[in-house]
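The chain contents come next:
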Amino acid sequence: MAGFADVLGNEHIKNHFKKGIQADRISHAYIINGDKGMGKKTVAKAFAMTLLCQEKGIEPCMKCKSCIQAMSDNNPDIIYIEPDKPNLMSIELVREKLVNDVSLRPYSYSHKVYIVSEADLMNQQAQNAILKTIEEPPEYAVILLLTGNEQRMLPTVKSRCIKLDMRPLRKEVIKEYLMKIERIVDYQAEVAAGFAAGNLGRAKELATSEEFGGMITEVINLLKHIKDMPSYEVVAAVKHMEEYKFSYEEFIDILILWFRDLLVFKASQDPNQLMFKDEYSTIRKYAESTTYSGVEEILNALYKAKIRLRANVNFDVTIELLYLTIRDNI
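Note that the structure is a prediction, hence the values are computed from the model and not measured. (Residues numbered from 1 in each chain as written. Predicted model: local features only at pLDDT ≥ 70, side-chain atom pairs only at ≥ 80, totals over all residues. Heavy atoms only, no water.)

Asks: Honestly, the packing of helix α14 (residues 292-310) against helix α15 (residues 315-329) in this entry has me stumped. Any pointers?
Replies: Between two packed helices, what matters for the description is the angle formed by their axes and the separation of those axes. It is the contact of α14 with α15, at a shortest axis distance of 9 Å, that shows an interaxial angle of 175 degrees. As summarised for this structure, α14 and α15 are arranged roughly antiparallel, according to the angle between their axes. Between α14 and α15, the residues in contact are G294, E297, I298, A301, L302, A305, R308 and L309 and F315, T318, L321, L322, T325, I326 and N329, respectively. Tallied by class, residues from the contact of α14 with α15 come to nine nonpolar, four polar and two charged. (Axes fitted to C-alpha atoms, helices over the stretch in contact; angles between N-to-C directions. Helix = DSSP H or I, 4+ residues; strand = E, 2+ residues; numbered from the N terminus. Parallel < 35°, antiparallel > 145°, perpendicular 65-115°, else oblique. Contact = heavy atoms within 4.5 Å. Nonpolar A, V, L, I, M, F, W, Y, C, P; charged D, E, K, R; others polar.)

In structure tokens, the structure reads:
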């Protein structure tokens, strides 16, 4: 399935496409921009299916020959183009799959739709190669460039495309999806949704990851005992997080979420507002002995630690400074 109903949120993009189809005012080139996992390909496929649907509505009917072919990625007039090299989409691929192919009329339906994944991996030569196609496209051609960083696209390409930005989803929307569709338990769905920063794909990946669950368990265990641990043990415990194949920044992000919970509980005394509901007793204990200014100082230290790690400041020193701030304020 890949109708507009399968696209969570992003009503502005769905409505843009629906209105364009209804009014028969379709652009020949679009840039759909957003981080990996935000649903760019899903919304692009929904648009392509609707455009080629033989029922000619503003939603794909899911029953006609075109829709059935599209649902199994076998519609001959929906062409998917993926990078052919690590971190690069070659000019040879772009010429073969798009520039040369676009002159051939649709095989079966009204339009020929090209969905180009990770289009920002095209180098300057490859982007220049599609310029003429975007400037003077055949009337039946529609090109969807999916990008994770549209700033990498040439200004000449961007100026000839309609740009649509994917927006982060609300945490509640992601949590509901994880629980209803992915059958993830409440607590794990809550944490994954909060950690994913509005990115559904990222949330699904985290919620089903044993490594993520293991890292959360170790982080919480560290927080329970950090006040009584010497600094070298804390540094060693943080380094051990490498085993879970997540970055140190992601480790710090979990700490940030946990201390935000602490701040929320101090203000509300309501355990239902916690993300880490299973850790209610520990959070309540710390809330009783920690001041608002102390929690804010810890959160500031966590953000500074992320900046320092990005700047390649000495790892041990960065974690020791963070440890001292946490220890002195809880």
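After that view of the structure, there is still more to cover.
Asks: Can you help me understand the layout of surface pockets in this one?
Replies: Approximately 860 Å³ is the volume found for the largest pocket. Lining the largest pocket are 27 residues, and of these K36, G37, M38, G39 and G201 sit closest to its centre. Broken down by secondary-structure element, the contributors of at least two residues to the lining of the largest pocket are α2 (40-52), β4 (141-147) and α9 (200-207). Among the elements that take part in the lining of the largest pocket, α9 stands out by supplying five residues, more than any other. Of the residues that constitute the lining of the largest pocket, the class distribution is eight nonpolar, nine polar and 10 charged. (1 Å grid on protein atoms, 1.4 Å probe; cavity = no way out; pocket = protein on both sides within 12 Å on 5 of 7 lines; lining within 4 Å. Points joined across faces, edges and corners; volume = space filled by probe spheres on them.)

Asks: Just checking my understanding: could you explain empty space enclosed by the protein for this structure?
Replies: Leftover empty space is mapped by rolling, across the atoms, a probe with the size of a water molecule. With the rule as written, the count across this model stands at one cavity of 30 Å³ or more. Reported here for the largest cavity is a volume of approximately 70 Å³. If you trace the largest cavity, you find it lined by L222, L223, I226, V234, V238, F251, L255, I319, L322, Y323 and I326. Contributions of two or more residues to the lining of the largest cavity are made by α10 (210-225), α11 (231-239), α12 (248-268) and α15. Among the elements that line the lining of the largest cavity, the one with the most residues is α15, at four residues. Classifying every residue of the lining of the largest cavity by side-chain character gives 11 nonpolar, no polar and no charged.

Asks: I keep staring at the packing of aromatic side chains and nothing clicks. Help me out?
Replies: Aromatic ring pairs: the centre-centre distance and the angle between the two ring planes describe each pair. A complete count under the given rule lists seven aromatic pairs for this structure. Relative to F47, the ring of F17 lies with its centre 4.0 Å away and its plane at 15 degrees, an arrangement referred to as stacked. Taken together, the residues span a long stretch of sequence, with F17 in helix α1 (residues 11-22) and F47 in helix α2 at a distance of 30 residues. F17 gets classed as buried once you look at its relative accessible area, which sits at 1%. Relative accessible area serves as the criterion here: at 0%, F47 is assigned to the buried category. Between W258 and Y286, the aromatic rings sit 5.7 Å apart at their centres with planes inclined by 80 degrees, giving edge-to-face as the arrangement. You can see W258 sitting in helix α12 and its partner Y286 sitting in helix α13 (residues 280-289), a full 28 residues away along the chain. Y286 matches W258 in its accessibility class, with the two residues each being buried. In textbook terms, an aromatic cluster arises when at least three aromatic residues are bridged by ring pairs, as seen for F17, Y30 and F47. One Lys or Arg, K266, reaches over the ring of Y292 and ends 5.0 Å from the middle of that ring. Above the ring of Y286, the side-chain terminus of K285 is found at 5.3 Å from the ring centroid. (Phe/Tyr/Trp six-rings, centres within 6.5 Å; stacked < 30°, edge-to-face > 60°. Buried < 20%, exposed > 50% of the residue type's maximum accessible area, 1.4 Å probe, protein only. Lys NZ or Arg CZ within 6 Å of the ring centre and 35° of its normal.)

Asks: What am I meant to see in a nonpolar patch on the surface here?
Replies: Taken together, the side chains of V317, L321 and L324 define a hydrophobic patch exposed on the protein surface, amounting to about 220 Å² of accessible area. Mapped onto the elements of the fold, V317 is located in helix α15. (Patch = residues over 30% accessible without salt bridge, like charges linked within 9 Å, V, L, I, M, F, W, Y side chains within 5 Å. Areas by Shrake-Rupley, 256 points an atom, 1.4 Å probe, with all protein chains shown as cover. Salt bridge = Lys/Arg side-chain N within 4 Å of Asp/Glu carboxyl O.)

Asks: Mind showing me how you'd approach the nonpolar core here?
Replies: Soluble globular proteins: nonpolar side chains tend toward being buried together. Counting residues in hydrophobic clusters, the biggest one holds 59 residues, and the most contacted among them are L178, F212, W258, F259, F276 and L302. Among the elements that make up this core, the one with the highest residue count is α12 (10 residues). The contact partners of F212, leaving out residues within four places of it in the chain, are V191, A192, F195, L206, F246 and I254. With 31 residues, the next largest nonpolar core counts F17, I26, Y109 and M166 among its residues. (Core = buried A, V, L, I, M, F, W, Y, C linked by side-chain atoms within 4.5 Å.)

Asks: Would you mind showing me how to read the environment of A207 here?
Replies: Note on placement: A207 falls in helix α9. Among all residues touching A207, those that are not within four sequence positions of it are L178, I184, Q188 and A192.

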